[in-house]
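Structure at a glance
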Protein chains: 2
Amino acid sequence: MEWEELARDLSQQTDSKIVLLVMDGVGGLPADGKSELEAARKPNLDALAKAGVCGVSDPVMMGITPGSGPAHLALFGYDPLKFQLGRGILEALGSGVEVGRNDLVARGNFATVKGGRVVDRRAGRIPTEENARICGYLNEHLPQRDGIAIRVFPGKEHRFVARFTAAGLSDALSDADPQAEGKAPLPTAPLGPEAAKASAIVNRFIDDVAAVLKGEAKANAALLRGFSKFPSIPTMQELFKLRPAAIANYPMYKGLAKLLGMEVISVGGETADLFDALEKNWADHDFFYIHYKKTDSMGEDGRFEAKVAAIEALDPFLPRLVALRPDVLVVTSDHSTPSCLKGHSWHPNPFLLVSPTAGVDDVAAFAERACAKGLLHRFRSISAMPLMLAHALKLKKYGA
Amino acid sequence: MEWEELARDLSQQTDSKIVLLVMDGVGGLPADGKSELEAARKPNLDALAKAGVCGVSDPVMMGITPGSGPAHLALFGYDPLKFQLGRGILEALGSGVEVGRNDLVARGNFATVKGGRVVDRRAGRIPTEENARICGYLNEHLPQRDGIAIRVFPGKEHRFVARFTAAGLSDALSDADPQAEGKAPLPTAPLGPEAAKASAIVNRFIDDVAAVLKGEAKANAALLRGFSKFPSIPTMQELFKLRPAAIANYPMYKGLAKLLGMEVISVGGETADLFDALEKNWADHDFFYIHYKKTDSMGEDGRFEAKVAAIEALDPFLPRLVALRPDVLVVTSDHSTPSCLKGHSWHPNPFLLVSPTAGVDDVAAFAERACAKGLLHRFRSISAMPLMLAHALKLKKYGA
């Protein structure tokens, strides 16, 4: 019996409330002796560490650097080695694109091609309004093909989502993106014989786009990657009997949340928006996932001081969360993003849990090295959900 | 290769002796800043913590609250997610009821039914002697059915075990117990088509009992739950080459021990009885499981002070155990039973191990937070058996 089956058997609906605050990529590494979390002034986060129990969690397993998808899946109680999601599907769902069983989706970039070479992979980051105009034009002028419906959906700047609807499309396709400038555009290739049809359709689409947009100065080609179909994944209602909500601003995280059955509460980019939404929707859900993106963005950019500032900018809002008196409050990251590495890393996440049934350990700060000495020790992130459900008294006893 | 296979390959019989003292449900939570173990005066247990190495163990996995069956299986080296035991089989074995391959057993309560409703699920807790009289009467007067043998065996107060012997009985049956008073008695239902025959036999038995006992003032109906057949599970002799003994007073634990091939040494309810039996049988076994129940009972009743007293009552006996000089001594709980939760919980167990090959860490007290800082860190309880066998030098090298 695995956790997924145990969860179906043992979970029960109750009135208790869980809040999972994800400070994306907050885990880091020391520069001049202190990590971003160790350098930040964050009295409220530290007070929570003092009030509860702490530990560190490995998103997938020791040494593995996860993408945002697997890292979040693990936190939500889904084995990231079992459930593998294409980035395209997340982007599509996050952008509000409806995806059904016969749909194949991909993330797209408009690019500039000259003399058979990609000279700008982002078409000079065309304005978002330009992108909308071009997508509208494509949807009107792309040649119709029998039994196939294709639509493109504009995103921010040069980004779009392409959706191919036809029977029997496989997502076993390589990226149609040379990933570097100065190279020729790259067609997709089937990764297995079952994807031959999809590959042909996608490559004809790429040619059609180039033909329709040949008059554009910048956005005259389409690069596509992350081909994916709607995955078969149980919802959090099915597995955990939760009424879950996601409070997030970025498409990826909203897409993932929607996929798992969460009600997505879209918010603006201000930190206060997250807490306004939490307060407003407090009565309607028993599980709240709050996504704070800035810590990851600053880590990705390699900006140590800006990441410290992002931590310090969130800290004053914590009392608003605590005032709601959640039965279980967890603050952690999905993965670490040390500024010095300018990207995701394999380092475990600092993790704090406050609950009346959790007791208190002697960790006095929310930071990597402090949490590593906590009562929760070191665990895989997939244990976060059983732990949250248990402390919320939402899991029945296993066996007699 | 899994632990079970490793154990078969690597275990070897030696003269070294292991003692596993299970303080049932001893793990707890702080009230006024201290847990039951932290509040108790227990110089001998603390001396053992000082003399050995400590850690904490999760019975099944983080967040999962186990029943006594899975929690003990894990401690004995059996994966509790692989081996699932019905409570009926444990109760039957613990009561000394012989169970064979064609037998289906269930736990029963005598109950009082009036006007088609269960008015007392425990028949006023009739005296144990009354129960014996009623079971004797039933075994004589229940109508005989072709190809089916049914016997009931009295337990304490209102409890009994029912054994159905016939070819092709499945235990995929729902409980025949409304679980609440004021409701009508509930027949069993088959959980799969293979259990249709067993279901019909059990429901006719329930009707027969009501007919035969209709003159009884209190015990005039039977509620049945935990239907189970004899499970297929290897013994500790087969897996670990041990000559194991169980020193226990309660049926459940004796039943489980018997199932795993332990010689069951039944003892009275006094704490001294456990240690008398240990001394008396010391020469005949190389693995001793000692079960101390009071800590769990007091936790289940929500009696913090009484649980502290139960810990303090056991402590003075520890020197008698140490005087026997076991090669490996482990003291732990099967699961936690915090008084404030009045039931089993998912919190990890404090664990101490004393052995010449274990070394010493700086844990100075046998308690949850103290043990969590020990050299053994945090592990799943299924690792307790490999650890005990290893320190007893009963495991050969894996690979060349």
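Our structure is the block above this text.
All residue numbers here refer to positions counted from 1 along the written sequence of the relevant chain. All chains are assigned letters beginning with A, and all ligands numbers beginning with 1, in the order in which they are written. Confidence filtering applies because this is a predicted model: local features only for residues at pLDDT of at least 70, side-chain atom pairs given and counted only at 80 or more, and all residues used for totals across whole chains, interfaces and linings. Only hydrogens and water are set aside when side-chain values are computed; all heavy atoms of the structure are taken into account.

Quick word on the relation of the copies chain B and chain A
After a rotation of 123° and a shift along the axis of 0.0 Å, chain B superposes on chain A with an RMSD of 0.1 Å. Here the two chains are linked by the operation of a three-fold rotation axis. The position closest to the rotation axis in chain B is occupied by the C-alpha of His377(B), lying 4.3 Å away. A residue counts toward the fit only if its pLDDT is at least 70 in both copies, and the copies are then superposed by least squares on the C-alpha atoms of those residues.

Quick word on empty space enclosed by the protein
Site definitions follow a grid-based scheme: protein atoms alone, a 1 Å grid, a 1.4 Å probe that fits but cannot get out for cavities, and for pockets an open set with protein on both sides within 12 Å along at least five of seven lines, plus lining residues having an atom within 4 Å of a point. Grid points are joined across faces, edges and corners, and a volume is the space filled by probe spheres set on the points. Following the criterion strictly, the structure yields 2 cavities of 30 Å³ or more and no others. Around the largest cavity, the lining comprises 21 residues; the ones closest to its centre are Ala358(A), Leu375(A), Leu29(B), His347(B) and Pro348(B). For the purposes of this entry, the term helix denotes a DSSP run of H or I that reaches at least four residues, the term strand denotes a run of E that reaches at least two, and both are numbered from the N terminus. Elements with a contribution of two residues or more to the lining of the largest cavity: helix H15 (384–391) of chain A together with helix H14 (368–371) of chain B. The classification used treats Ala, Val, Leu, Ile, Met, Phe, Trp, Tyr, Cys and Pro as nonpolar, Asp, Glu, Lys and Arg as charged, and all other residues, Gly among them, as polar. Here the residues of the lining of the largest cavity sort into 12 nonpolar, 5 polar and 4 charged. If you add up the space inside the second largest cavity, you get close to 40 Å³. Glu91(B), Arg107(B), Gly108(B), Asn109(B), Arg159(B), Phe160(B) and Arg225(B) together form the lining of the second largest cavity. Those elements giving two or more residues to the lining of the second largest cavity turn out to be strand S3 (103–114) and strand S6 (159–165) of chain B. Ranked by residue count, the leading element in the lining of the second largest cavity is S3(B), at 3 residues. Its residues assigned to classes, the lining of the second largest cavity comprises 1 nonpolar, 2 polar and 4 charged.

Points about the environment of Leu73(B)
Residues and elements named next belong to chain B. Of note, Leu 73 is situated in helix H4 (residues 68–75). Sequence separation between Leu 73 and Ser 228 is 155 residues; the distance between their C-alpha atoms is 17 Å. We call two residues contacting when some pair of their heavy atoms lies within 4.5 Å. With residues up to four places along the chain from it excluded, the contact list for Leu 73 reads Tyr 78, Phe 83, Leu 85, Ile 233, Leu 256 and Leu 260.

Overview of the interface of chain B and chain A
Across the contact, 27 residues belong to chain B and 25 residues belong to chain A. When two components associate, each loses some accessible surface as probed by a 1.4 Å sphere; the sum of these losses over both components is called the buried area. Note on chain B versus chain A: buried area summed over both sides is about 2200 Å², and carbon and sulfur give 65% of it. Counting the surface chain B buries against chain A, the share from its top three residues, Met62(B), Leu81(B) and Trp346(B), is 27%. We define a salt bridge as a side-chain nitrogen of Lys or Arg found within 4 Å of a carboxyl oxygen belonging to Asp or Glu. At the surface where chain B touches chain A, the tally comes to 1 salt bridge. A salt bridge links Asp362(A) to Lys373(B); the shortest N-O distance between them is 2.5 Å. Sort the elements by how many residues they give to the side of chain B that touches chain A and H4(B) lands first, with 3 residues. Of the residues assigned to the side of chain B that touches chain A, the class counts are 14 nonpolar, 9 polar and 4 charged.

Concerning the state of the cysteines
All names here are of chain A. The disulfide definition used here is simple: a pair of cysteine sulfur atoms within 2.5 Å. Applying the stated rule across the entire model yields 0 disulfides over all chains. Cys 371 provides the cysteine sulfur closest to Cys 340, a residue in no disulfide bond, and the two sulfurs are 19 Å apart. To sort residues, take the accessible area from a 1.4 Å probe on protein chains only and compare it with the maximum for the residue type: under 20% means buried, over 50% means exposed, and anything in between is partly exposed. Assessed through its relative accessible area of 0%, Cys 371 is described here as buried.

Overview of a nonpolar patch on the surface
Residues and elements named next belong to chain A. There is a patch of nonpolar side chains on the surface, built from Met 61, Ile 64 and Leu 81 and spanning about 260 Å² of accessible area. Here Met 61 lies in the loop between strand S2 (53–58) and helix H4 (68–75). In this structure Met 61 comes out as partly exposed when scored by relative accessible area, which is 42%. Surface patches are defined over residues having more than 30% relative accessible area and no salt bridge, joining like charges when they lie within 9 Å and nonpolar side chains (Val, Leu, Ile, Met, Phe, Trp, Tyr) when within 5 Å. Reported accessibility uses the Shrake-Rupley method at a 1.4 Å probe radius. Residues are deemed covered only where the shown protein chains occlude them.

A short note on helix H9 (residues 251–259) of chain A
Residues and elements named next belong to chain A. Across the 9 residues that make up H9, a large majority, 7, are buried. All buried positions along H9 are accounted for by Met 252, Tyr 253, Lys 254, Gly 255, Leu 256, Ala 257 and Leu 259. Gly 261, located one to two residues past H9, shows a positive phi value of around 90°.

Re unusual backbone geometry
Most peptide bonds take the trans form, and the phi angle of most residues other than glycine is negative. Residues and elements named next belong to chain B. Even without being glycine, Glu 157 reaches a positive phi, approximately 50°. With respect to the element layout, Glu 157 can be found in the loop between strand S5 (149–154) and S6. Positive phi values are uncommon outside glycine, yet Arg 325 reaches one of about 55°. Tracing the backbone shows Arg 325 in the loop between helix H13 (318–323) and strand S11 (328–332).

Points about the packing of H4(B) against helix H9 (residues 251–259) of chain B
Residues and elements named next belong to chain B. Two elements in contact, H4 and H9, have axes whose closest approach is 11 Å; the angle formed by their N-to-C orientations is 45°. Between H4 and H9, the interaxial angle falls into the category oblique. For the element pair H4 and H9, the recorded crossing hand is right-handed. Between H4 and H9, the contacting residues are Ser 68, Gly 69, His 72 and Leu 73 on the first element and Met 252, Tyr 253 and Leu 256 on the second. Of the residues assigned to the contact of H4 with H9, the class counts are 4 nonpolar, 3 polar and no charged. Note on geometry: axes are lines fitted to C-alpha atoms, helical ones only across the stretch in contact, with angles between N-to-C directions running from 0 to 180 degrees. Note on angle classes: values under 35 degrees are labelled roughly parallel, values over 145 roughly antiparallel, values of 65 to 115 roughly perpendicular, and the remainder oblique. Each helix crossing is assigned a hand: it is left-handed if the near helix lies turned anticlockwise from the far helix by less than a right angle, otherwise right-handed if that turn is clockwise.

Overview of the side chain of Thr295(B)
Residue and element names in this part refer to chain B. Examined against the element boundaries, Thr 295 turns out to sit in helix H11 (residues 294–300). Classification of Thr 295 as buried rests on a relative accessible area of 0%. Residues in contact with Thr 295, not counting those within four places in the same chain, are Met 23, Asp 24, Gly 25, Val 26, Lys 307, Ala 310 and Ile 311.

Some remarks on the pattern of salt bridges
Residues and elements named next belong to chain B. Enumeration over the complete set of coordinates arrives at 39 salt bridges over all chains. Residue Arg 8 pairs with Glu 4 through a salt bridge whose shortest N-O separation is 3.8 Å. With a gap of 4 residues between them, Arg 8 and Glu 4 both fall in helix H1 (residues 3–10), about one helical turn apart. The class for Arg 8 is partly exposed, based on a relative accessible area of 36%. In this structure, Arg 369 and Glu 38 form a salt bridge, with 2.8 Å as the shortest nitrogen-oxygen distance. Of this pair, Arg 369 sits in helix H14 while Glu 38 sits in helix H2 (residues 36–39), and the two are 331 residues apart along the sequence.

A short note on the pairing of strand S4 (residues 117–120) of chain B
Put simply, side chains in a regular strand alternate between the two faces of the sheet. Residue and element names in this part refer to chain B. Whether two strands pair comes down to DSSP finding at least two bridges between them. As defined by bridge partners, S3 adjoins S4 across 3 bridges and the pair is classed as antiparallel. Counterpart to Lys 114 in the pairing with S4 is Arg 117. Between S3 and S4, which pair antiparallel and follow one another directly, the connecting turn spans 2 residues, one of which, Gly 115, has a positive phi of 55°.

A few points about the pairing of strand S9 (residues 263–266) of chain A
Residue and element names in this part refer to chain A. With 4 bridges connecting them, strand S8 (residues 244–248) and S9 associate as parallel partners. Counted as the bridge partner of Ala 245 is Glu 263 from S9. When the strands point away from the viewer and the connection leading from the first strand across the helix to the second strand turns clockwise, the crossover is called right-handed. What joins S8 to S9 is H9, and the crossover it makes is right-handed.

Brief notes about the nonpolar core
What we call a nonpolar core is a set of buried Ala, Val, Leu, Ile, Met, Phe, Trp, Tyr and Cys residues that are connected through their side-chain atoms within 4.5 Å. Within the largest apolar cluster, 62 residues are counted, with the highest numbers of intra-cluster contacts made by Trp3(A), Tyr78(A), Phe240(A) and Phe287(A). No other element matches H15(A), which puts 6 residues into this core. When near neighbours in sequence (up to four residues on either side) are disregarded, Tyr78(A) contacts Leu73(A), Phe83(A), Ile233(A), Pro234(A), Thr235(A), Met236(A), Leu239(A), Phe240(A), Leu260(A) and Ile382(A). In this structure, Leu90(B), Ala92(B), Leu259(B) and Val328(B) belong to the second largest nonpolar core, which totals 50 residues.

Purely geometric stuff here, so don't read any function into it on its own.
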